[in-house]
Structures are given as structure tokens and as C-alpha cells.
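Structure at a glance
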Amino acid sequence: MKISTYLKINAKYSNPFVFSLTSRGFYSEINNLLNAILFGLITKRRLYVDQSSFAGGDLKWADLYQSDLPWVTKDIQNLVDPRWIIEGVEGTGFWDISSFINERHRNRIFFLLRSYGFYGGIFAAKRHLAHQFCQPVVPLNWPESLQLPYAAIHVRRGDKIKGYISPRSGELIIDGDQVILDEYLSILRRRSPHLKSLFVMTDDYQVIDELKTIDPSLNIFTFCEKEEQGYTQDEFNGLGSQSKTMAIRKLISEVDIACNSQIFVGCYKSNVSRYIALAHKYPKQCYSADAQKKWDPC
């Protein structure tokens, strides 16, 4: 179904709400935007998207993806209930959408949207939307010698496992689990023992060195540079507009490679891994190595 069809459907709805792209992690923005699109379609509410604060105002959707979105205009803001101008996770509207989507996923509520071309539960619907809205605007960069079939893993370190100080509470927040690499390899060996080509998504080059030590027979491919020692959101926020755009394009390429693997192992506490499982060529061949074994939409 064409994006233009969605825009026409959305424009017919009333009771508008605004979803703002902000400075959260990139795939947190994407996953929550897809939830907002789905929420609007199910409840027949008109969605507007505000990108003025996207990565501090330094990212533009058109520089990353081919799709168009129902962009907000200044005059629209005055027509929307302030509760439904969603500018971050602090607002009640954000949590209302998350609760709405999670409830339907947990209870396996199915629905039919003939006008937009999909039928099924939350996973099927979000998967359909991801394939529609998240087509990269530039040709993807693949390692020259990487050939099918191959496995892929996503190992996030940096602030995901070391934690960060919450600007609201001042407390240390740790979003992810410290998962040993043997756990990733154990899943791969059980599920696809014949695969020796491995694409590794990581923000810390020590992961590559450790994998080579654990299993020298692996043929490892990665975009991670030797100087990378773990991603932090604050460090990314300090980059300029062009550097942010290039970094996100690299991330989108990594995600696309992972989505085309024969098998993927990530961590479902990570928005990146959950998005890959959502958009993967073989979704039943996606697994989580952290404590969250089941995929969820939020």
C-alpha cells in the first residue's frame, strides 16, 4: 500500500494528536512513531508528526527515509488538546499510546484494516508499517565480501549496560543486561550450527576481539571501528547535524544487514534488536540473549 494512501486515510480522521520526534535513541523514536501511527489507524484519530526537535533539531526524516509523514504545522498546534501534544515520555499521551498497544499485544487482539492493507495482531501490523515507512533514502552500504547465508548478532554496550543518570530523578538508570558473548554463540550453535559467517552489530570493538578469541573459526564482519569503546547518547547528542545524519545512516545499514541474515540474536531490552526482529526477513529466526525473551512492541 502506498504511503499516499495512508496520508489520505489519516487526513480524513478528526480528534488530532501530535507525536514529536525527540532526542531519545534513534530506534526508540522509530518504534514509538510506529506505535503512534498504528494507534491513530486503530482509533481513527488524526496523527501529526513534529520533527523540529528530532535529535535536537539536527536530523531530518527526508535525509534518512523515503516515506512522507503527516507533518505538523504551527496553526495545528492550537487545535490539539495539550494532553495529546506528545513531546517525550513524560506526557500522559505517550503512556496512553504505549498502554493501548501493549494491551492489544498481550491479549492478542486482532483487527482488520482493509483500507490500509493489513490484518492481524500488533506484531503483524507494526511489521507492515515498518516495511512501508522505513525504506532508506540512500543506497545501503554492505561489507564487500559478505554473502548469504550468514548470521547476525547485536551486542550493545556503552550506556545501555553501564547506565546513565536520569535528568528527572538523578538516579542511575540501567536499561540493558550484561550478556556474555558465549550466550549469543550458544544460541547460534543450537539454531544454525553450520553458519560461520557472522555480521556483528556493536558499539565496542572489544566485542570483536573477544569473539575471535572464543571461536577463531568464525568469519566476522562488522562496521565497528577499532577506536569505538561503547555508545553513549550524550556523546551522540553532542555531534553536529551532518555527523548525526551519517551515524544514523550507518546504523540503518547495519540494521538492514541484520534483517537479511539467516538468523539473528540480539537483546529484546534494546529498541534496535526489537526493531530488527520486527522487520527481519525471517522473524521466527530471531532470538534474545538477555532476560527479556519475548518480543514486545514498546
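A quick note: this is a predicted structure, and the numbers were derived from the prediction, not measured. (Residues numbered from 1 in each chain as written. Predicted model: local features only at pLDDT ≥ 70, side-chain atom pairs only at ≥ 80, totals over all residues. Heavy atoms only, no water.)

This part is about the layout of surface pockets. There is about 450 Å³ of room inside the second largest pocket. Lining the second largest pocket are 16 residues, and of these H105, R108, F123, K294 and W295 sit closest to its centre. A per-class count over the lining of the second largest pocket returns nine nonpolar, two polar and five charged. (1 Å grid on protein atoms, 1.4 Å probe; cavity = no way out; pocket = protein on both sides within 12 Å on 5 of 7 lines; lining within 4 Å. Points joined across faces, edges and corners; volume = space filled by probe spheres on them. Nonpolar A, V, L, I, M, F, W, Y, C, P; charged D, E, K, R; others polar.)

This part takes up empty space enclosed by the protein. Within this structure, the stated rule accounts for four cavities of 30 Å³ or more. Each pocket or cavity is described by its volume, and for the second largest cavity that value is around 50 Å³. Lining the second largest cavity, in full, are T22, S23, R24, F26, E29, F54, A55, L59, Q233, F236 and N237. Put simply, the parts of the chain that give the lining of the second largest cavity at least two residues each are α2 (26-43) and α9 (233-237). Per-element tally for the lining of the second largest cavity: the top contributor is α9, with three residues. A class-by-class count of the residues in the lining of the second largest cavity yields five nonpolar, four polar and two charged. (Helix = DSSP H or I, 4+ residues; strand = E, 2+ residues; numbered from the N terminus.)

Pairing is parallel across the open sheet formed by three strands, whose spatial order is β2-β1-β3. Each of the sheet's edge strands pairs with one partner strand only, and the pair in question is β2 (45-50) and β3 (85-86). Of the pairings in the sheet, the one linking strand β1 (residues 14-20) to β3 comprises two bridges and is parallel in character. Counterpart to F19 in the pairing with β3 is I86. Strands β1 and β2 of the sheet are contacted by helix α1 (residues 3-12), whose axis makes an angle of about 115° with β2. (Pairing = 2+ DSSP bridges. Contact = heavy atoms within 4.5 Å. Axes fitted to C-alpha atoms, helices over the stretch in contact; angles between N-to-C directions.)

What follows deals with the packing of aromatic side chains. For the structure shown, the criterion picks out 14 aromatic pairs. Judged by centre distance (5.3 Å) and plane angle (85°), the rings of Y6 and F133 are edge-to-face. On the criterion of sequence distance, the pair formed by Y6 in helix α1 and F133 in helix α5 (residues 122-133) is long-range, its members being 127 residues apart. Pair check on accessibility: Y6 and F133 agree, each one buried. Ring geometry for F123 versus W295: centroids 4.9 Å apart, planes at 85°, classification edge-to-face. Separated by 172 residues along the polypeptide, F123 in helix α5 and W295 in the segment after β12 (286-288) bring together distant segments of the chain. Through successive ring pairs, a cluster of aromatic residues spans F26, Y27, F54, W61, Y65 and Y275. It is R45 that lies over the ring of W84; its NZ or CZ is 4.3 Å from the centre. It is R104 that lies over the ring of F100; its NZ or CZ is 3.6 Å from the centre. (Phe/Tyr/Trp six-rings, centres within 6.5 Å; stacked < 30°, edge-to-face > 60°. Buried < 20%, exposed > 50% of the residue type's maximum accessible area, 1.4 Å probe, protein only. Lys NZ or Arg CZ within 6 Å of the ring centre and 35° of its normal.)

Residue position: T202 is located in strand β9 (residues 197-202). Assessed through its relative accessible area of 8%, T202 is described here as buried. Engagement of the side chain of T202 in a polar contact is seen with the backbone nitrogen of D204, the distance being 3.3 Å. (Polar contact = N/O pair within 3.5 Å; in protein donor to acceptor, adjacent residues only side chain to side chain.)

The linkage connecting L148 with the following residue, P149, adopts the cis geometry, with an omega of -5°. With respect to the secondary-structure elements, P149 resides in the loop between α5 and β6 (151-155). Phi is positive for N15, close to 50°, though the residue is something other than glycine. Along the chain, the position of N15 falls in strand β1. One non-glycine residue, R108, adopts positive backbone phi at about 55°. The residue R108 is located in the loop between α4 (92-106) and β4 (111-113) in this model.

A few words now on the pattern of salt bridges. Considering all chains together, one arrives at 11 salt bridges under this definition. For the salt bridge of E228 with K250, the shortest nitrogen-to-oxygen distance reads 3.1 Å. Of this pair, E228 sits in the loop between β10 (219-222) and α9 while K250 sits in helix α10 (residues 241-259), and the two are 22 residues apart along the sequence. We classify K250 as partly exposed; its relative accessible area is 30%. (Salt bridge = Lys/Arg side-chain N within 4 Å of Asp/Glu carboxyl O.)

Spanning 12 residues, α5 covers 16 Å between terminal C-alpha atoms, matching the ideal 16 Å at 1.5 Å per step. Among the 12 residues of α5, nine are classified as buried, and the element is accordingly described as predominantly covered. Within the sequence span of α5, burial applies to I122, A125, K126, R127, H128, L129, A130, Q132 and F133. (Expected span 1.5 Å × (residues − 1).)

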